[in-house]
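# Reading the structure
Listed here are the chains, written in short residue letters.
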Amino acid sequence: MSKIVHMAGLEAPDQLVPAGEGGAHDYATPEFRAVPTASGRRGIRLERAFWRALSTIADRMGIKRSQLISDVLSEAGSDDNATSVLRSYAVHQVETELSTVRQQAELAFALPMMQQAPVPSFAIDRDKRLVRVNAEFNQFLRGVLVQLGNPDRGNLAFNLERPVADIFEELGTSGQSCECIVNITMGTRFRQIRSRMVAVPPHAPTALVGYVINL
């Protein structure tokens with residue numbers, strides 16, 4: 001086994017562990033690093049998971065990990081308990097990010113964002129209810145009504161050719177999409193449109209967003 005030697009002024013790179021590999025022994029292994037503090041460089045021993053978390057946070061901020069650590073300890077006002085400060089900071093940042101991800105996964109945020117594409121789009125839930133359409137879809141629908149000979153939406157029916165439950169099951173947590181025919185009917189007259197369906201959110205989806213791909 002090769003030994004990683006830390007050199008002053010350099011940050012030993014964190015080893016990336018592929019998803020699904022590495023267990024508690026890997027991320028709980030303490031590692032010693034020399035870090036910059038207000039009073040000069042000092043040795044800090046943190047579990048590997050925290051070093052990786054700090055590296056990831058620094059990368060997203062576009063700075064070096066050493067700069068991040070220096071800033072965090074400087075803001076704390078003391079480096080007497082540097083390990084506790086750095087652990088607490090890393091956990092706080094992870095919790096904040098998870099909270100943001102959860103909010104973005106909520107339909108109230110996700111559906112309007114996904115329907116920003118400049119194409120007609122609609123969203124339906126597991127109960128086959130049309131829960132949202134974008135402005136482009138409303139404009140598209142007005143043209144369809146004219147084609148069907150009635151500008152009134154009162155007798156308009158909107159149906160997917162495939163069962164909604166089957167589409168949810170097919171897409172599941174795959175992050176993939178599928179095509180589906182949508183029938184827009186007005187009495188005995190109808191118009192078929194082709195749409196591409198995406199499940200939202202990708203994990204445990206509760207809605208389907210459809211993009212009209214033939215106008």
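As shown above, the structure is provided for reference.
What counts and how
Each chain has its residues counted from 1, running along the sequence as written. In keeping with the predicted nature of the model, local features appear solely for residues at pLDDT of at least 70, side-chain atom pairs appear and are counted solely at 80 or more, and the whole-chain, interface and lining totals rest on all residues. Side-chain measures here rest on the full set of heavy atoms in the structure, leaving out hydrogens and waters. Helical segments are the DSSP runs of H or I of at least four residues, strand segments are the runs of E of at least two, and each set is numbered from the N terminus. Three labels apply to residues, based on accessible area from a 1.4 Å probe with only protein chains included: buried if under 20% of the type maximum, exposed if over 50%, partly exposed otherwise in between. Salt bridge criterion: a side-chain nitrogen from Lys or Arg within 4 Å of a carboxyl oxygen from Asp or Glu. Strands pair, by our definition, only if DSSP identifies at least two bridges between them. Every axis in this analysis is a line fitted to C-alpha atoms, fitted for helices over the stretch in contact. Angles between the N-to-C directions lie between 0 and 180 degrees. Any angle that is under 35 degrees is reported as roughly parallel, and any over 145 degrees as roughly antiparallel; angles of 65 to 115 degrees are reported as roughly perpendicular and all others as oblique. Any pair of residues with heavy atoms lying within 4.5 Å of one another is described as a contacting pair. Gly is put with the polar residues, along with every residue not named as nonpolar or charged; the nonpolar set is Ala, Val, Leu, Ile, Met, Phe, Trp, Tyr, Cys and Pro, and the charged set is Asp, Glu, Lys and Arg. We call a set of buried Ala, Val, Leu, Ile, Met, Phe, Trp, Tyr and Cys residues a nonpolar core when their side-chain atoms join them within 4.5 Å.

## Let's talk about unusual backbone geometry
In this structure, Pro201 follows Val200 across a cis peptide bond, with omega equal to -15°. With respect to the element layout, Pro201 can be found in the loop between strand 7 (189–200) and strand 8 (207–212). Look at Lys128: it is not a glycine, yet its phi comes out positive at around 65°. Lys128 sits in the exposed class, given a relative accessible area of 64%.

## As for the pattern of salt bridges
On inspection of all chains with the given rule, the structure shows nine salt bridges. A salt bridge links Glu97 to Arg60; its shortest N-O distance comes to 2.4 Å. Placement of Glu97 in helix 4 (residues 82–105) and of Arg60 in helix 2 (residues 48–61) is noted, with a sequence separation of 37 residues between them. Glu97 sits in the partly exposed class, given a relative accessible area of 39%. Residue Arg60 is classed as exposed on the basis of its relative accessible area of 57%. The partner of Arg129 in a salt bridge is Asp125, with the nearest N and O atoms 2.8 Å apart. Residue Asp125 is classed as buried on the basis of its relative accessible area of 9%.

## Digging into the sheet that holds strand 3 (residues 121–125)
Pairing in this open sheet of six strands is antiparallel, and the strands run 4-3-8-7-6-5 from one edge to the other. For this open sheet the edge positions go to strand 4 (130–133) and strand 5 (156–160), each flanked by a neighbour on one side alone. Each adjacent strand pair in this sheet contributes to an overall mean axis angle of 30°, direction not counted. As paired strands, strand 3 and strand 8 are joined by five bridges and run antiparallel to one another.

## Some words on the packing of helix 2 against helix 3 (residues 65–76)
The interhelical angle for the contact between helix 2 and helix 3, taken along N-to-C directions, is 100°, at an axis separation of 8 Å. In terms of orientation, helix 2 and helix 3 fall into the roughly perpendicular class. On helix 3, the residues that touch Trp51, Leu54, Ser55, Ile57, Ala58 and Met61 of helix 2 are Arg65, Leu68 and Ile69. Broken down by class, the residue content of the contact of helix 2 with helix 3 amounts to seven nonpolar, one polar and one charged.

## Observations concerning the nonpolar core
Membership of the largest hydrophobic core comes to 23 residues, with the highest contact counts inside it found for Phe122, Phe140, Leu160, Ile167, Ile184, Met197 and Leu208. Listing elements by their share of this core, those giving two or more residues are strand 3, helix 6 (135–147), helix 7 (164–171), strand 6 (177–186), strand 7 and strand 8. With near-sequence residues (within four places) excluded, Met197 lies in contact with Phe122, Leu160, Ile167, Leu171, Gln176, Ser177, Cys178, Cys180, Leu208, Val209 and Gly210. Counting residues in each nonpolar core, the second largest holds 17 residues, with Ala53, Leu54, Ala58 and Val72 among its members.

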